[in-house]
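Given next are the chains, with one letter for each unit.
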Amino acid sequence: MIDQSQWQVLPFVSLPSWFLDEVKSYCPNSSGNYAAQLLWNRGIQTLEQLKGFVDDTYYQPLSPFEFGYEMKQAIKRLKLGIKNQEKVTIWGDFDADGITATSVLWEGLGQFFTPHLQLNYYIPNRATESHGLNITGIKKLADQGTNLIVTCDTGSTNIEEISYANSLGIDIIVTDHHTLPDQRPDVVSIINPRYFSEEHPLFFLSGVAVAYKLVEALYLTLPKIPKNPLENLLDLVAIGLIADLVELKGDCRYLAQKGLQKLQQQLNNPTRPGIAYLLKLCKRTGDRPTDISFGIGPRINAISRIYGEAIFAVKLLTSKDEKHCEKLAFETELANTRRKELQNNITKKVKKKLQGLDLSTTQIIVLEDPQWQSGVLGLVAGQIAKEYDRPTILLTTSETENSHHDGIKLARGSARSINNIDLYQLVSYQRSLLHRFGGHPFAAGLSLPVENIPLFRESINQQTRRDLIDFNQLNMNNKADLVVTVSQLGQSLFRELKLLEPYGMGNPIPRLLIENCWFESLGHANIKDARNNKIKYIKTRFKIYDHSVDEGFPGIWWEHYQHELPQQENKRWNAIVELDYNPNYDNSRKGEYEVRLIDIQESILQQNYQSIQISKGSLIDYRNQTDLEINNLEVETLDNCPISWSELQKKYYKSIKNKQDLALIYSHQNKENSLTIIKKLIGIAKYLNQTKKTITKKQLKDKLLLSDRSLELALEFWNNLGFRVVEDEQKLNINYIHNQQKDYQLSKNKLLETLEEEYFRREYFSQVPLEILQKFLDYDTLTINQ
């Protein structure tokens, strides 16, 4: 069944020329227009913001001592432990953020404490223990002689467990980023960025980033002790940051960018054999190696989701034993394919239960089942929440070692939110019904007595209604960032989109709308695991076409069969896709890239897009026509072929203001290449120098078909060629005064590239179908008038 729900299409905005030029400087092989639109729509609208977002060399990260008293107390206690050779245990967590945080502390603190003798780590078993500190584990560590526990990605709300550790003489340093307790816990130090305001550059640090800041502070305090550079930890930081539910802003984005550069080195010069093997396995299955959200991140998470035990994940990331790492990476790959199958099966069962649920009266989905495996419930809950536009809580009542507490049977599960609804707060109102609860505003884990489930379901829905949250009004999941044609898919667009990486909360993967398209060359198959066994996780491959291409562009639709993709000859469809890199394609044209299909709708004349509601003016197409006479028509005219949307928009707005249509009467017949134009430019300079004549800027622009930008570069080129250019009331005087400057070739290349780009743009505006021009202009007109 094809979804006909409302889509939202972001408008194509007229951007300042300085902003376009600045973005272009980061896109040497393309115009940068798409990247500029995306950045602007995502709130990057000043030079300072742009440089800080795109260029990690420009951003200045904050000192770890920005955490103030808490960081100082933590360092003071660690120095005491180093001096007294105390036994320190890292208490980690079993998700990707927790695993990488544990690894960062293991390697970072391992520069100051002897690993295995003074320093160890403990990670709860996902299947038999819960997130956070627990009494049984603390007692075990006390018996082993632990003096100090350093938590990572956990611990902030474990008040009872902290008190128990204190009673055994164990000190605790908490490094965490989850929701804060009402009162500061009785610990040596709690380093949690949520104590900052939301505008603070450190506020969004994840667990691994907070752990890194602690190690950084120790490196700064005791710089002579460590043998390994602090920067060696950054690849681990990037993996955990991007895999977790945090916004990549401020120091978060900076650390992720630096870490991705380190991670890229593992492809060619591996220093972490485990990560190198994981990257190879990512490539083998078609996942872009450095796309952490689809590659390494889910694989690390799969370890505890399938096996429960996550300790071998730290060994995988930190061990130097190549053979052992290869074995662990293979086991991780098997776990990930098994995770996909398990997630798919449970998703189908959840959807079957939802068929009996009245969603019009359901604000929060709360479902339970004894057959559901707890390890993948968070993933399924997230998937259901997105698809059904409802925060979702899924619980399992299966019998496990920790399914009872004081003789009471417990249900355990996960909660996921949507649309920035603070689910943590909603669940916290039901504390009296819960056994344990913790997490983020948008993702949490919980357990409660099975007998309390009906009351919990009723209470949380009542609370949501009292808060006046109407999820029927929040149905805006499928949002397209850009409208493109199939011909525009490929390397140039991919490189522009890549400028926005790394993606994460608040900066999602750009979604592209392709209109009036169709699908051919369909075929589906189940995926295979590392042992070449088939796994029940289907994918459909296809080629997507539209009017702009003769050859289709490859694509993939996960978890769908080919019969679900429409193939009627006389129908056209609109598709929302994500452009991705596929390392498994051959080197044929466009072979390195493919689209990931997100949603499709039947193409109809009046689309149900929120941002396309009105049309303010009409275009009349007289492009590339000779002997044209329109003197008797009451229309605005555009007779010079534009090279930017802003040129076209200015005329379009004028026609709207005058309540007239806009006639496009321009043509693009200049077939001279950029080298010929430069030769003419040199000839003009020599002629003006010899004759002492002048030329106006307009004359030069008209003669060589230059824009303001290419005129500026042409004058710069003249200067580097040895001519002095003096401007006198729009007239240009040329005098030859010296030989070529050292920047001659650079200025020539810049001018060549700009001329070629302008030629391409004129070609585009003279040939692009009228309906596309009209649609883009209507998008922007609506935005201006809102």
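About the cut-offs
Residues numbered from 1 in each chain as written. Predicted model: local features only at pLDDT ≥ 70, side-chain atom pairs only at ≥ 80, totals over all residues. Heavy atoms only, no water. Helix = DSSP H or I, 4+ residues; strand = E, 2+ residues; numbered from the N terminus. Rg over C-alpha atoms; globule rule 2.2 N^0.38 Å. Buried < 20%, exposed > 50% of the residue type's maximum accessible area, 1.4 Å probe, protein only. Contact = heavy atoms within 4.5 Å. Areas by Shrake-Rupley, 256 points an atom, 1.4 Å probe, with all protein chains shown as cover. Lys, Arg positive; Asp, Glu negative; His and termini not counted. Charge placed at Lys NZ, Arg CZ, Asp CG, Glu CD. Arc of directions from axis to C-beta. Salt bridge = Lys/Arg side-chain N within 4 Å of Asp/Glu carboxyl O. Core = buried A, V, L, I, M, F, W, Y, C linked by side-chain atoms within 4.5 Å. Pairing = 2+ DSSP bridges. Axes fitted to C-alpha atoms, helices over the stretch in contact; angles between N-to-C directions. Polar contact = N/O pair within 3.5 Å; in protein donor to acceptor, adjacent residues only side chain to side chain.

**Q** Even after reading the chapter, I still don't get the overall build of the chain, so can you show me in this structure?
**A** When helices and strands are counted, the chain shows 24 helices and 25 strands. Whereas a compact globule of 786 residues would reach a radius of gyration of roughly 28 Å, the chain reaches 30 Å, a difference of no more than 12%. Each principal axis of the C-alpha atoms in the chain carries an extent, and together these give about 95 × 65 × 50 Å. Buried residues in the chain amount to 55% of all 786 residues. Put simply, of all contacts in the chain between residues at least 6 apart along the chain, 70% involve residues at least 24 apart. Carbon together with sulfur atoms contributes 47% to the accessible area of the chain, which is approximately 35900 Å² in total. Across the chain, the mean location of the 92 positive side-chain charges is 4 Å away from that of the 96 negative side-chain charges.

**Q** I keep staring at helix 7 (residues 159-167) and nothing clicks. Help me out?
**A** Residue pairs spaced three or four apart in an α-helix point in one direction, given the helix's 3.6 residues per turn. Regarding helix 7, the residues found buried are Glu 161, Ile 162 and Ala 165. Projected down its long axis, helix 7 carries its buried residues within an arc of 100 degrees, all on one side. Those residues of helix 7 that are exposed and angled more than 90 degrees off the buried face are Glu 160 and Ser 167. In the core, the buried residues of helix 7 are packed alongside helix 6 (135-143), strand 5 (171-175) and strand 11 (436-439). Immediately downstream of helix 7, the backbone of Gly 169 shows phi near 80 degrees, a positive value.

**Q** Explanation requested: the pattern of salt bridges in the structure shown.
**A** Oppositely charged side chains are able to pair whenever their charged atoms sit close together. Evaluation of the coordinates by the stated rule reveals 29 salt bridges. Arg 511 is the partner of Glu 578 in a salt bridge, and the nearest nitrogen-oxygen pair spans 3.3 Å. Placement of the pair is Glu 578 in strand 18 (residues 573-581) and Arg 511 in the loop between helix 18 (491-498) and strand 15 (512-528), with a sequence separation of 67 residues. With a closest N to O distance of 2.8 Å, Lys 698 and Asp 702 form a salt bridge. Of this pair, Lys 698 and Asp 702 both sit in helix 21 (residues 697-704), separated by four residues, roughly a single helical turn. Like Asp 702, Lys 698 is exposed. If you follow the salt bridges from partner to partner, you end up with Arg 511, Glu 578, Asp 580 and Arg 596 in one network.

**Q** How should the nonpolar core be read in this particular structure?
**A** Nonpolar side chains in soluble globular proteins generally cluster together in the buried interior. In this structure, Leu 78 and Leu 241 are the most contacted members of the largest nonpolar core, which totals 79 residues. With ten residues, helix 8 (residues 207-221) is the largest single contributor of residues to this core. Discounting chain neighbours no more than four positions away, the residues touching Leu 241 are Ser 206, Val 208, Ala 209, Val 246, Leu 248, Cys 252, Leu 255 and Ala 256. Of all hydrophobic cores here, the second largest spans 46 residues; its members include Val 13, Val 484, Val 486 and Leu 512.

**Q** Would you take a moment to explain the sheet that holds strand 22 (residues 661-664) for this structure?
**A** For sheets, the rule is that strands pair by backbone hydrogen bonds, running either parallel or antiparallel. Pairing is parallel in the open sheet, where three strands are placed in the order 20-22-21. For this open sheet the edge positions go to strand 20 (619-621) and strand 21 (635-638), each flanked by a neighbour on one side alone. Along the sheet, successive strands turn relative to each other by an average axial angle of 30 degrees, direction set aside.

**Q** Could you clarify how one ought to interpret the environment of Asn 507 in this entry?
**A** Its place among the elements puts Asn 507 in the loop between helix 18 and strand 15. On the basis of relative accessible area, Asn 507 is assigned to the buried category, the value being 5%. Counting along the chain gives 409 residues from Asn 507 to Gly 98, while the straight-line C-alpha distance between them is 22 Å. The residues contacting Asn 507, other than those within four sequence positions of it, are Arg 42, Phe 53, Arg 253, Leu 500 and Pro 502. A distance of 2.9 Å separates the side chain of Asn 507 from the backbone oxygen of Leu 500, its partner in a polar contact.

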